[in-house]
Amino acid sequence: MKLALQSIAALLLATFFLYTGNGLQGTLLSVRAGIEQFPTALIGVLMSGYYIGFILGCRFVPRMIASAGHIRTYVALASIASSSALAHAILVEPAVWVGLRAITGFCFAGMAMVIESWLNERATNETRGSILSIYRIVDLGALTIGNALLGLASPTTFVPFAIVSILVSLALVPIALTNTQAPKPVAVAKLDVKALYRVSPVGALAALATGLANAAFWSMGPIFVQQGGYGPEIIGLFMSTVIIGAAISQWPLGFLSDRVDRRYVIMGCCVATVIFALSMSAFALDSQTSLLAIGAVFGAVLLPIFGLSVAHANDLTDPAESVATNGGLLLLHGLGAVFGAFAGAGVMALFGPDALFLYIAAIYTIIFALVLIRVLQRSDTGADEKETFVPLARNAAPTVFELGEDDLATLGED
């Protein structure tokens with residue numbers, strides 16, 4: 001294991017810089033957009049741009065990798081993402097920001113693809129779970145620190161945008177200088193939504209629905225706190241607290257789901273998410289203490305649900321189809337996220353900031369109902385047939401997809 005960690009040390013260091021910058025940038029742009037008095041619905045469109053770019057990155061970056069190789073592709077994308085961060089501060093216009101967010105999403109999809117394919121190739125069956133868990137810890141830790149950095153300088157200044165650019169640029173160094181052999185070309189899989197749904201209705205529907213809900217939180221959560229009268233320091237602390245809560249709960253929930261019907265754990269998390277989403281709406285803005293305390297528990301029950309759903313889908317999937325299954329779930333999650341960021345902004349614009357968490361509660365009520373129906377229809381997978389639970393990174397992109405016109409028509413039918 002020690003040798004395995006040494007072989008991926010450069011990748012983990014690059015991940016740390018990359019997601020520290022990403023964590024700061026996402027919250028920074030929401031807060032700055034609020035300060036600039038962008039309409040709330042427009043902020044949702046702006047934040048949806050990232051997910052649109054991310055999906056396009058999953059589709060087209062493999063061609064770049066095939067042409068230029070993993071390291072050159074990573075260096076190019078990191079340079080573009082670093083430049084994009086600075087451009088936000090120079091051109092504070094909604095239309096420009098939408099385009100820049102799409103470019104950022106495209107770049108981060110490609111960089112995540114390079115890092116995660118590299119990690120998977122360095123891992124063995126005996127070390128893969130541990131290595132991916134360490135990667136997840138680095139990812140969550142970096143996001144936490146990134147959000148906390150929001151308090152270093154006013155969002156109205158050039159400084160925080162420069163910090164994002166510096167962090168993304170630093171993520172170039174470990175990859176550019178590593179002497180570790182680059183991985184093989186990224187796997188490409190055809191998305192078959194109908195087949196995915198037939199194998200795991202819970203996984204497919206939960207992936208889409210969690211995208212609808214979680215993207216609304218990531219995009220509009222900072223605006224909720226800002227409209228509650230809190231400054232950048234508390235906004236950053238709140239977002240960090242949510243992530244810390246998720247990091248603490250990942251393994252206990254995963255451990256439990258490896259030993260009982262995962263769907264019961266998913267339903268339990270859904271119920272808890274609804275309770276604490278309603279608590280966020282009703283009580284979180286009463287004081288800083290209640291905001292942070294409820295936020296921590298909210299994150300602890302909200303964020304693991306997608307990973308649990310993916311694990312459940314893999315329990316039912318032939319190992320030979322795991323690439324298509326996992327990537328298909330991620331793509332459905334991304335499609336949900338595109339609309340989720342806009343929907344969250346829409347309900348806030350129409351009904352006020354508290355409506356964000358009412359929307360999230362409604363989505364997770366629907367997920368609970370769908371999983372319950374499936375539990376009544378089908379018995380659990382046996383414990384000896386279960387895949388080991390591995391929590392997924394927020395921006396995971398281990399697979400690339402060919403999504404043609406037939407697939408889009410299929411997606412519309414489902």
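Section: the packing of aromatic side chains
Step number 1: Summed over all chains, the structure comprises 12 aromatic pairs.
Step number 2: Summarising the aromatic geometry, the rings of Phe16 and Phe17 are spaced 5.8 Å apart at their centres and angled 65° between planes, so their arrangement reads as edge-to-face.
Step number 3: Given the relative accessible area of 29%, Phe16 is considered partly exposed.
Step number 4: Three or more aromatic residues link up through ring pairs in this structure, and these residues are Phe217, Trp218, Phe224, Phe238, Phe298 and Phe357.
Step number 5: Between Arg259 and the ring centre of Phe255, over which it is positioned, the NZ or CZ distance is 3.7 Å.

Quick word on the nonpolar core
Step number 1: Tyr74 and Ile360 are the most contacted members of the largest nonpolar core, which has 122 residues in total.
Step number 2: For this core, the leading source of residues is helix α9 (residues 201-227), giving 13 residues.
Step number 3: Leaving out residues up to four positions away in the same chain, Ile360 has contacts with Ala213, Phe217, Thr273, Phe298 and Leu302.

Comments concerning helix α6 (residues 159-170)
Step number 1: Here α6 is 12 residues long and its end C-alpha atoms lie 16 Å apart, about the 16 Å a rise of 1.5 Å per residue gives.
Step number 2: Among all positions in α6, only Pro160, Phe161, Ala162, Val164, Ser165, Leu167 and Val168 are buried.

Digging into the side chain of Thr27
Step number 1: With respect to the element layout, Thr27 can be found in helix α1 (residues 2-35).
Step number 2: Thr27 sits in the buried class, given a relative accessible area of 4%.
Step number 3: Apart from the residues within four sequence positions on either side, Thr27 is in contact with Asn147, Leu150, Pro222, Ile235 and Met239.

Focus on the environment of Leu42
Step number 1: Note on placement: Leu42 falls in helix α2 (residues 40-68).
Step number 2: Counting along the chain gives 53 residues from Leu42 to Ala95, while the straight-line C-alpha distance between them is 9.4 Å.

Quick look at the confidence of the model for the protein chain
Step number 1: This prediction gives the protein chain a mean pLDDT of 85; 85% of its residues lie at or above 70.
Step number 2: Of all helices and strands in the protein chain, the one with the weakest mean pLDDT is helix α16 (residues 405-413) (44), whereas α6 scores best (97).
Step number 3: Taken as a whole, residues 404-414 scores under 50 in pLDDT and shows 12 contacts with residues more than four places along the chain or in a different chain.

Some words on the side chain of Thr73
Step number 1: Note on placement: Thr73 falls in helix α3 (residues 70-90).
Step number 2: Judged by its relative accessible area of 2%, Thr73 falls in the buried class.
Step number 3: Of the polar contacts made by the side chain of Thr73, one reaches the backbone oxygen of Met64; its length is 3.2 Å.
Step number 4: If sequence neighbours within four positions are ignored, Thr73 has contacts with Val61, Met64, Ile65 and Ala68.

Quick notes on the environment of Asp318
Step number 1: For Asp318, the position within the fold is in the loop between α13 (304-315) and α14 (322-351).
Step number 2: A residue is classified by how much of its surface remains accessible, and Asp318, at 47% relative accessible area, is partly exposed.
Step number 3: Considered as a pair, Asp318 and Val199 are 119 residues apart in the sequence and their alpha carbons are 9.5 Å apart.

Some thoughts on the pattern of salt bridges
Step number 1: By the definition in use, this model includes five salt bridges.
Step number 2: Among the charged side chains, a network of salt bridges with common partners joins Asp258, Arg262 and Asp315.

Some points on unusual backbone geometry
Step number 1: For Gln37, which is not a glycine, the phi torsion comes out positive at approximately 60°.
Step number 2: Its place among the elements puts Gln37 in the loop between α1 and α2.
Step number 3: For Gln37, a relative accessible area of 68% translates into the label exposed.

Examining the packing of α2 against α3
In a packed pair of helices, the relevant descriptors are the angle between the two axes and the axis-to-axis distance.
Step number 1: One way to put it is that α2 packs onto α3 with a least axis distance of 7 Å and a crossing angle of 125°. On the basis of their axis angle, the class for α2 and α3 is oblique. As for the relative orientation of α2 and α3, their crossing is right-handed in sense. Across the interface between the two elements, Val61, Met64, Ile65 and Ala68 from α2 touch His70, Arg72, Thr73 and Leu77 from α3.
Step number 2: For the contact of α2 with α3, the residue count by class is five nonpolar, two polar and one charged.

With respect to the state of the cysteines
Step number 1: In total, this model carries zero disulfides according to the counting rule given.
Step number 2: Between Cys270, a free cysteine, and Cys269, which holds the nearest cysteine sulfur, the sulfur-to-sulfur gap is 7.2 Å.
Step number 3: Residue classification places Cys270 among the buried positions, given a relative accessible area of 0%.

Calculation criteria
Residues numbered from 1 in each chain as written. Predicted model: local features only at pLDDT ≥ 70, side-chain atom pairs only at ≥ 80, totals over all residues. Heavy atoms only, no water. Phe/Tyr/Trp six-rings, centres within 6.5 Å; stacked < 30°, edge-to-face > 60°. Buried < 20%, exposed > 50% of the residue type's maximum accessible area, 1.4 Å probe, protein only. Lys NZ or Arg CZ within 6 Å of the ring centre and 35° of its normal. Core = buried A, V, L, I, M, F, W, Y, C linked by side-chain atoms within 4.5 Å. Helix = DSSP H or I, 4+ residues; strand = E, 2+ residues; numbered from the N terminus. Contact = heavy atoms within 4.5 Å. Expected span 1.5 Å × (residues − 1). pLDDT = per-residue confidence, 0-100. Polar contact = N/O pair within 3.5 Å; in protein donor to acceptor, adjacent residues only side chain to side chain. Salt bridge = Lys/Arg side-chain N within 4 Å of Asp/Glu carboxyl O. Axes fitted to C-alpha atoms, helices over the stretch in contact; angles between N-to-C directions. Parallel < 35°, antiparallel > 145°, perpendicular 65-115°, else oblique. Left-handed = near helix turned anticlockwise from the far one by under 90°. Nonpolar A, V, L, I, M, F, W, Y, C, P; charged D, E, K, R; others polar. Disulfide = S-S within 2.5 Å.

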